Structures are given as C-alpha cells and as structure tokens.
Amino acid sequence: MNAMTTFTLKSLRANKVRTLVTIAGVALAAALLTAVLTSYTSLLDMMCRGEQQSSGTWMAEVQTSDLATLEQEAATAQDQGTITGFAALQDVGFGQLSEAQQSVYGHYLPISNIIGNVEELCAVRPEEGRLPQAPGEIMLSSQWREIGDNLRIGDTLTLLVGERQAVLAPGKEGSMSGGSIPISGPTQATEEGAAEKYYEEGTPLDSSIGYFEAEVDGGIFNEELVDTEERTFTVVGFYGDYGYTAITNVGLKGFTYEEPATANAQTFGYVSASGVENSGQLKQQVADALPGSTVTLLHVGLLRYLGINTGGAIWDTLYGIIAILAVVIIVACVSLIYNAFAISVAERSGQFGLLASVGASRRQLRRAVVVEALTVALIGIPLGLLVGIAGCAVTFFFLGGDIATLFGANQVEFRLAIEPMVLALIAVLTLVTVLLSVFVPAWRASRTNVIDALRGRQSERASKKGQRQAANAARAGRLWKGQGLAGRVFGIGGTLARMNEKRGASKGTAASVSLALAIVLLMTAGSLSAFLGTLATVASGGGVPAGDVGVTASFDSDSERGLAGQTMGGGDSNGDGPAEPETLEELVAQRDQRFAEEAVVYGRAFEAMKTVPDAQPIGWHLDSRAAVTIDSSMISPALAAEGSTGMGSGGMSADGQYISDARFSYVDDAAFDSYAASLGQNPTDYRDPAHPRAIAVKQAYGNNGSTYTMIDTIVATGTVRVTEGFMYDGRPVDGYGFDISASNEGESGYYSIVPYVFDEEDDSYHSLDDAAPGSLEEATVDLEVAAIADEAPGLVGMSGEGVSFILPMSMAAHYGFYCYEPTFRSLFNAPEGQSADV
C-alpha cells in the first residue's frame, strides 16, 4: 500500500459522515438496480413456471404418421444432445358420444396413447388416480367425474371408437374443384408459413382438425365416424388442468396406453432442446433432429419466458422499459454520488494543494480520488445487493399472491428468483456509475492551484466570471438594487443568494444540476407510469371493465346467411321468425322489435344471475355495432389521419364525411343515470324515442400501423347519421362492409359503406358497389351526440378502436341501430378470497 492510498483511507476514516453518505449513495444505486432487475427475473421465473405447469415444458411440436421412426429418431437425437426431452401423443380414435354427452364433453372423446414423459413435457398429469399403464386403461378429464356421467376410479366406459372422415354435405357435390379443396373447417393455429393442407371426400381427420359442419362453418364438408368398434376402458385417473395438448376442437382428450390405433392415426411429438437463441434456430434444430416429421408449432409463450427471441414486439417494449428504468436509476445515482465527491474534493482542496506542494503529480491526485471511489464501491455494492434482495424478498412475501393473480399465474407462487449473472451485471453497472460520478471531481483534484490551496482560498475562491459579476454588483448605488431575475423576484435576499451562488461556482453548479435532475427524474417516472398504464390496458384488450367475474352471451343466428352477415357487420334471419320484410320500414321495425325482445330476455337473465350466492352484481349492458356517418367537424384530426392509414375502423369518404363501424353500448338505466349526471346531463333527455340522443366517448385506442396509443375520437357535439338497414331489389341485404377506394400516389383512398348480398347459386357473397345493377335503398336515423365524456362508464370499458356511443337501456325498446342480435355483457364482484360461480 503506497503513501497516497494510505492517505486516502485515513481521509475516509477522518470524515465518517461524508464517507457514510457516499457509501449510502453507492448502496442505493445497487439496491435500486437489484430491485428492478430481480423483479424482472422473478416475474419471468413465475410466468415460465406457470406456463410449464399449465402447458408443459415442450418447445416444439412435430407431426407424423410413423410413430416407430419418430421414436427412433428421438432416441438418437437425445443421445447426441440435439434434443433434451421427448414425449408423444398418438391418436387412437374418436369415441362416439350420445347427444346428451355431446352437450357436456364436445362432439367426440378423442383418445390418445401416451408415450414418454408426458407429465413434464405435455402437462398431462392426474389430479386424481394415476396415468394409464396398460391397454384398456384410460384417464379422463375431470368433467366426466364432476358434471357429466359421475364416473369414479375403477368404473368402466364403453364406447364405439372409430376414425373421423370428411364427407361432402348434401347439395355440395358440385363444389369440388380439381378433386380437392383447401380445408374448409376450423383448425387449431399452426406455425406461420406451414404448408396448406387439402381435403377431399374421404380424407381422414386427426385431432388437430376442428369439427366439420357445413351449415355452421360455411364450408362444403360434414364428417362421419367410420370403421367403428366397441371398446371398453377402465378409468384409472382424472386430470384437471386442460393444457394445450389435452384440448382439441372436438373435445377434451382421454389418455390411454399402448391401445391399438386406427390405420391413419397421426402422432404428435413434443420435444425440448437447449442451446438455442431464437425460434428459427430451434425450428431448424428440431427439423434436423427429426427429419421424418414436420414441425407444426412452437411453444412461443414458453420460449419468450426462457429468454429465447421469438420476434415479439411486446418483449422488445418490455426490455426497453427495463433499460429505461436502469438508465433513470443510474442518472439519479450519478447525481447523488457526484455531489458527494464534488463537495469532498472542494472541502479538501487544501489537502490536495499540500500533496501537490510536496511533489504529488496530477496522476497521483486523480488516483487518490479514484481509490476513494473504489473503496466506497467495495463496501457499498455488496451492501446494496443485499438490501435490494432483502427488499424484494419482503415485498414478494406480502404481495406475491396478488402479483401472481394479476398475471394469471395462480397455479404457481411468485417467488424470489436470483440470477448470478444478473447480480454480476448489477455490480458492474454500479461500479461504472461510481466511476462516472468521480470522473469530474478527480479531474478537478488534479488541477488544484497549490498557492491558493495553501492560502486556504481554494474552497471559497470564486470563478473569474463570478468575481466580475460580484464587483459589478458591489458598485455604489447598485448594491441593494435587484439584480437579475432572483433580485427582481426575491429582492435583497435573492440578490445575496445570487451573489453567493456565483462565488461558490462548483457547489452552486452541483446544487443546480441536482435540482434539474430531480425534476427530470420525476417527469420521467410520471411519463413511464402513464405509458405502462396505457400499455397494460391495450395488452388486456382495450380497457377491460373492472370486476371479478364477467358473463358474456349472444344468441346464435338462425341460418348460415345470418352468421355470415353478422361477420361482415349485420345479417337477417331466414328461420321460422317473421316473414321476410317487403319494405325498408318493415325491415327496420322487425330488427328493432327483435333487439327489444332480446334486451328483455337478457334483463331477466341478469336478474336471475343476481341471485347466485356470493355474486355481487355491478351491472349489465348490451353492445351492438352499426355503420355511422359523422361530419368532419365532430372528429379529431388523429381519427381522420388514422383512417387514412387503413389501420383504423373507419376513414374519410369522398364528400369529406367520416365513415366508421361504431359501437353502441346500452347501459342499464340506473348506471346510465349516474353516468349522465356526472357529466352534468339530465338523464331524461336521453329517453325520447322521437329524438334519440347518446353520449359519445372521446377517447379510444388507435393504431398507426406499428404502435397503439390513446387518440381523441369525437371532439364536438352534433348529429350522427346511423345506418339502420338496406334493401336491394325488394329484399334485405345480408350484411355490409367497408371499402377503401384506390388512391393516387401520395393521396389517401376514400372509405365507403358497401352492402353485401348472398348468391345461393355460387355459394358466395357479392358486394353492391356503385356499379352493381338493381335498386339499393338505405334506411338511416339521426342520432344527436348531446354530450362527450372523456371515458366510458366503468361497466363498459374503453373501446378498442373507433367511435363509441353510450345509451340508456330503455332506448333498446325502440332502436337496435342495424343490429338485432346484441352481445350481452354483465359484471360481478365476489367476496374477498372467494369466487362467484356464475
């Protein structure tokens, strides 16, 4: 230990208060960084364990019809270390269910053989009993025990088991083109870029394919169960977690062991791997290890939690937030530590001058300050790491359950997850923070003026500029006059403060910088909080209403045309209801009448749900949608601009009007009255059928093509034209959509409302644009926007995109605004720690 180091350590011991303050600053930096990054690693750990608990540890899914080859390739790949885990589920067949059973379990009982470590990789684990271990044994979902056939361990289940096969629906025989067509029924999501599958008459359907029913899904296929045989199984277990591998679009699986499979049985393999950095590398690695199979899906959720890059923008945003927090902490702590060292150097200028007078070089003087900083860091960093970890542990102990509930991971605990590499990173960042903080003070120490320091003037010496200003201010007749802004505002006190600040240049600068940084940090924290709030709301679906339990329902359409019409904006029933209207007035009257009748039904349903034990009702509302035309003076520039990108829910028409598919929310009268009164409105003004009025919601979530943000929508009151229906050549149209006209280079296209009609001859929809022959009639009604609210009622929540209007439920008896099948939404709270089974 040389003389300068010894001198530095003695100086630290001699100035205990300043040393402790500096150590506290370093410890604070380390503790804050530890709190942020450890919270992040703990959150990822919880989400990862929750995903593994619910869906398994598999990382990639492969599909093949050759189980033997798949098992051989998997064993070789595991020996080579290419993959680290393997399990498989082989389709055995599909159990035929009775009509009563179908209402509980789904269309079939899909039966799959388990192969390998399905408990860990596939999350197929018994809630009661055990996994099957011999042919003839089966593990069923807990529905068979609780709400279905009331089966118990040891009971037997006899079913006709066969193979699903696609068949052409009646009347669709002429719909085939070239002998095969793309899949026309619902399927589970597949990996982007996967080869398109084609199906034809007699094609076998595996468990990844949804149920084919042409009258419902609008395709040309139905399906049937063929090659059936009676099988009897002994129930040995029940599972309660319905993860990805247990769910199909035709029912929850039953798991067996070494059961004989059908001739066209498909096998789905599930593998895990190590040493991959991104999803593309994982897919290629699995494809190379198992060349006899096709990679169909990646477990993207798990990959993200494991830190494997999947290209998700939300995670880039999360990483950016963590980086911003780290920068904010570092900047704040640099200010704190810098001030401590700057004051220390200023007060010890005499010591540095004495050292310089006996031969200490500038390098040695700088090293003395750096050694002091390193000594402080050596004590403060470990202390900060311990404080940060302890703080996280205490916080997670008390709030871990709430955090787990917030992120939907109730099945696992939120625990402290410490990553050694993260702690090492925190130590390095804190050390860098200390060195950055000490750079300027060390430079100043090395440039100490020996003569001034020995005279004891260094710490009080004013800068040359300060000396000139002080001399100017001290002239006769000007001494007590206000000088500068401080003097004019605060008088003599401000003048003296300004003079002292100029004389103590280094201390004054340090104080000013600290105050400026404090303001910047507060503004940053506020902006970050607002951004996180917006991000969380957008991620949750655009303003989810606050409540413990939500119940949503909607009546099904009466026909295929009704379903398709609703998909594009509306539809008309062709069932056993009223005769098809012959005039536009009859069409609107029928639609409004049905809307009113369904509102009554939903009102009774809500009253019945209120009687459920422990259910604490908040309220209910109906949502419908209709096309609206709004004067450009009523909308915000942001809404008009968003429409021009083609990303929003509306846009400008050729005549300068804004056209959009708007949301109409009918709120129960009591909630509406309270909402209207809070805006200074008279609720009775909104119940006049002859003059319909609504409250517009000012803000919504917009999309500019790359990001979501809050935008203003309706900014001025006025009258909105609402489309109630269309008639084409004397019959109702089947729906409507929106069209964007072709635009010239550099100009935006124009929006227009385009009705659709269904052509039974070619089984498709045709748009009725300006070039369409025939007579098109449109019914509209004027809706007055009498008030504008910044937010929707808490019961309704914020609209995802576009414009939104709030009306009282009593108006549902008079206006359906194009829709005749509204969506019912209700909200309940439950007692603390309980759940209301509604």
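Analysis parameters
Residues numbered from 1 in each chain as written. Predicted model: local features only at pLDDT ≥ 70, side-chain atom pairs only at ≥ 80, totals over all residues. Heavy atoms only, no water. Helix = DSSP H or I, 4+ residues; strand = E, 2+ residues; numbered from the N terminus. Buried < 20%, exposed > 50% of the residue type's maximum accessible area, 1.4 Å probe, protein only. Contact = heavy atoms within 4.5 Å. Areas by Shrake-Rupley, 256 points an atom, 1.4 Å probe, with all protein chains shown as cover. Salt bridge = Lys/Arg side-chain N within 4 Å of Asp/Glu carboxyl O. pLDDT = per-residue confidence, 0-100. Patch = residues over 30% accessible without salt bridge, like charges linked within 9 Å, V, L, I, M, F, W, Y side chains within 5 Å. Polar contact = N/O pair within 3.5 Å; in protein donor to acceptor, adjacent residues only side chain to side chain. Lys, Arg positive; Asp, Glu negative; His and termini not counted. Charge placed at Lys NZ, Arg CZ, Asp CG, Glu CD. Core = buried A, V, L, I, M, F, W, Y, C linked by side-chain atoms within 4.5 Å. Expected span 1.5 Å × (residues − 1). Phe/Tyr/Trp six-rings, centres within 6.5 Å; stacked < 30°, edge-to-face > 60°. Lys NZ or Arg CZ within 6 Å of the ring centre and 35° of its normal.

Caption draft 1: A look at the overall build of the protein. Secondary structure assignment for the protein yields 22 helices and 30 strands. Among the 838 residues that make up the protein, the fraction classed as buried is 46%. Contacts in the protein between residues far apart in sequence, at least 24 positions, make up 79% of those at least 6 positions apart. Counting only carbon and sulfur atoms, one obtains 54% of the accessible surface of the protein, whose full area is about 39,800 Å².

Caption draft 2: Fine view of unusual backbone geometry. Look at D227: it is not a glycine, yet its phi comes out positive at around 50 degrees. Position of D227 among the secondary structure elements: in strand 10 (residues 221–239).

Caption draft 3: Representation of the pattern of salt bridges within the structure. Under the counting rule described, the total for this entry stands at 16 salt bridges. Residues R594 and E598 are paired through a salt bridge, measuring 3.2 Å at the closest nitrogen-oxygen approach. Of this pair, R594 and E598 both sit in helix 20 (residues 584–609), separated by four residues, roughly a single helical turn. Per residue, the accessibility class of R594 equals that of E598, and both read buried. Look at the salt bridges and you will find they share partners, linking E127, E128, R145 and E146 into a network.

Caption draft 4: Local environment of the confidence of the model for the protein. With 70% of its residues at a pLDDT of 70 or more, the protein shows a mean pLDDT of 78. Element-level pLDDT for the protein is lowest in helix 19 (residues 560–567), with a mean of 33, against a maximum mean of 97 in strand 13 (residues 254–256). Counting interchain partners and residues more than four positions distant, the pLDDT-below-50 stretch residues 538–544 has twelve contacts.

Caption draft 5: Quick peek at the environment of L131. The residue L131 is located in the loop between strand 4 (128–129) and strand 5 (137–141) in this model. Distance in space between the C-alpha atoms of L131 and E119 is 9.0 Å, their sequence separation being twelve residues. Other than its neighbours up to four places away in sequence, L131 contacts I114, V118, E119, V124, P126, M139 and V236.

Caption draft 6: Seen up close, a nonpolar patch on the surface. A contiguous nonpolar patch, built from V394, F397, F398 and L399 and spanning about 470 Å² of accessible area, is present on the exposed surface. Along the polypeptide, F398 turns up in helix 12 (residues 362–406). A relative accessible area of 61% means that F398 is categorised as exposed.

Caption draft 7: Structural detail: the side chain of S665. In this structure, S665 sits in strand 19 (residues 657–667). Within the local environment of S665, its side chain forms a polar contact with the side chain of D623, the two groups lying 2.7 Å apart. In contact with S665, not counting residues within four places along its chain, are H621, L622, D623, V796, F805, I806 and L807.

Caption draft 8: Region of the structure containing a negative patch on the surface. A surface patch of negative charge is lined by E580, E582, E585, E586 and E777. Relative to the assigned elements, E582 resides in the loop between helix 19 and helix 20.

Caption draft 9: Molecular detail of the environment of P822. Assignment of secondary structure puts P822 in the loop between strand 29 (804–808) and strand 30 (823–829). Through-space distance from the C-alpha of P822 to that of L622 is 5.9 Å; in sequence the pair is 200 residues apart. Those residues in contact with P822 that sit more than four places away from it in its chain are A553, S554, F595, E598, Y602, L622 and D623.

Caption draft 10: Region of interest: the nonpolar core. Ranked by size, the top nonpolar core spans 62 residues in total, and within it L282, V286 and L290 carry the most contacts. Setting aside anything within four residues of it in sequence, one finds V286 in contact with A60, V62, V271 and V295. In terms of nonpolar packing, the next biggest core, distinct from the first, is built from 49 residues, I630, A694, I711 and F824 among them.

Caption draft 11: Structural detail: helix 2 (residues 16–55). Compared with the 58 Å implied by 1.5 Å per residue over 40 residues, the 56 Å span of helix 2 between its first and last C-alpha is a close match. Positioned one or two residues after helix 2, G56 has a phi angle of 100 degrees, which is positive.

Caption draft 12: Focus on the packing of aromatic side chains. Taken as a whole and assessed by the stated rule, the structure comprises 19 aromatic pairs. An angle of 85 degrees between the planes, with centres 5.9 Å apart, marks the rings of Y239 and Y242 as edge-to-face. Under the relative-accessibility criterion, Y242 is labelled partly exposed at 31%. A centroid spacing of 4.9 Å and a plane angle of 25 degrees characterise the contact between F664 and F817, whose relative ring orientation is stacked. Separated by 153 residues along the polypeptide, F664 in strand 19 and F817 in the loop between strand 29 and strand 30 bring together distant segments of the chain. Taken as a pair, F664 and F817 share a single burial class, namely buried. Taken together, Y602, F606, W620, F824 and F828 form an aromatic cluster joined through their ring pairs. Positioned over the ring face of F94 is R164, at 5.2 Å from the centre of the ring. One residue, R591, lies across the ring of Y818, its end atom 4.4 Å from the ring centre.

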